[in-house]
Amino acid sequence: CRILQVMNLKTFLFATALVTALFIPSKTFAQYGTYTPSYSQLTVDKQVRNPVTGIYVDNLGLNDAHYFAENAVFFRITVQNTGNTVLSRITATDYLPAYLSYVSGGVYTANTRQIVFYFDNVSPGERRSTILQARVNRLPDLPVGKSLLCPVNKVVASAVEAGTVEDTAQLCIQKTLMAKGVPQTGDPIGLLMGLGSLPMLLAGFKLGK
């Protein structure tokens, strides 16, 4: 019985050591193994500029201001490090939707219609923004049979230390000709102010005469 007890004890110790080796990683594995964070310390926000107010918003729906053919469209991409460590590089890849053409911002690849932005050494709590400019296609290049088009622009941001996140922004394009004399680019607020001052200019001209 004494011999059996010793053998059972040895068997128990061996089994315990085997389970420990199988299920508890060694220091070497913990140090050099692939690390996947349990939460993301990276956020990305995609916004589109309202063509009437000039304010950047998350989306422009059917009941919001519409864009027209050949209008300039501005998107704002904002990334933020919400963690406690520096993100060495955030890569934001924008996927240009249909009916829009690239104008400026980032590094553009024509065959994939992707625009890439890089944000290096982003500190904890830091936010960084950039602007992407596109242009609505010409009226003949827009699809027939639809009076309103609402493409969605997507951006995907990633960092080695924080994984991948994404966001989208929608706009709507109205397939009608703009009123004659209304500029297709520029600051809409400046235009309204200019039109508002027109009666004062005419009144001044009459007084001068």
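Cut-offs and rules
- Counting restarts for each chain, with residues numbered from 1 along the sequence as it is written.
- In view of the model being predicted, local features appear only for residues whose pLDDT reaches at least 70, and side-chain atom pairs are presented and counted only at 80 or more, with totals across whole chains, interfaces and linings using the full set of residues.
- Hydrogens and water molecules were not included; the side-chain quantities draw on all heavy atoms of the structure.
- By definition, any uninterrupted DSSP run of H or I lasting at least four residues is a helix, any uninterrupted run of E lasting at least two residues is a strand, and each is numbered from the N terminus.
- Burial status follows relative accessibility: with a 1.4 Å probe on protein chains alone, a residue under 20% of its type maximum counts as buried, one over 50% as exposed, and anything between as partly exposed.
- Contacts were defined at the residue level, with two residues in contact if any of their heavy atoms lie within 4.5 Å.
- Here a strand pair is declared whenever DSSP counts at least two bridges between the two strands.
- For helices, the fitted axis covers only the stretch in contact; all axes are lines through C-alpha atoms, and the angles between them, taken along N-to-C directions, range from 0 to 180 degrees.

### Some points on the environment of V165
Among the secondary structure elements, V165 is positioned in strand β11 (residues 163-170). Overall, V165 belongs to the buried group, its relative accessible area being 18%. Each C-alpha atom, one on V165 and one on L42, is 7.1 Å from the other, the two residues being 123 residues apart in sequence. If we ignore the near neighbours within four places in the chain, the residues touching V165 are S40, L42, T43, V44, V155, V156 and A157.

### A short note on the sheet that holds strand β4 (residues 87-95)
Strand order across the open sheet formed by five strands is β6-β7-β4-β10-β11, with antiparallel pairing between neighbours. Whereas interior strands pair on both sides, the edge strands pair on one side only; in this sheet they are β6 (107-109) and β11. Taken pair by pair, the neighbouring strands of this sheet meet at an average axis angle of 20°, ignoring direction. Direction of pairing for β4 relative to strand β10 (residues 152-159): antiparallel, over a ladder of five bridges. Directly across from T91, in β10, lies its bridge partner S158.

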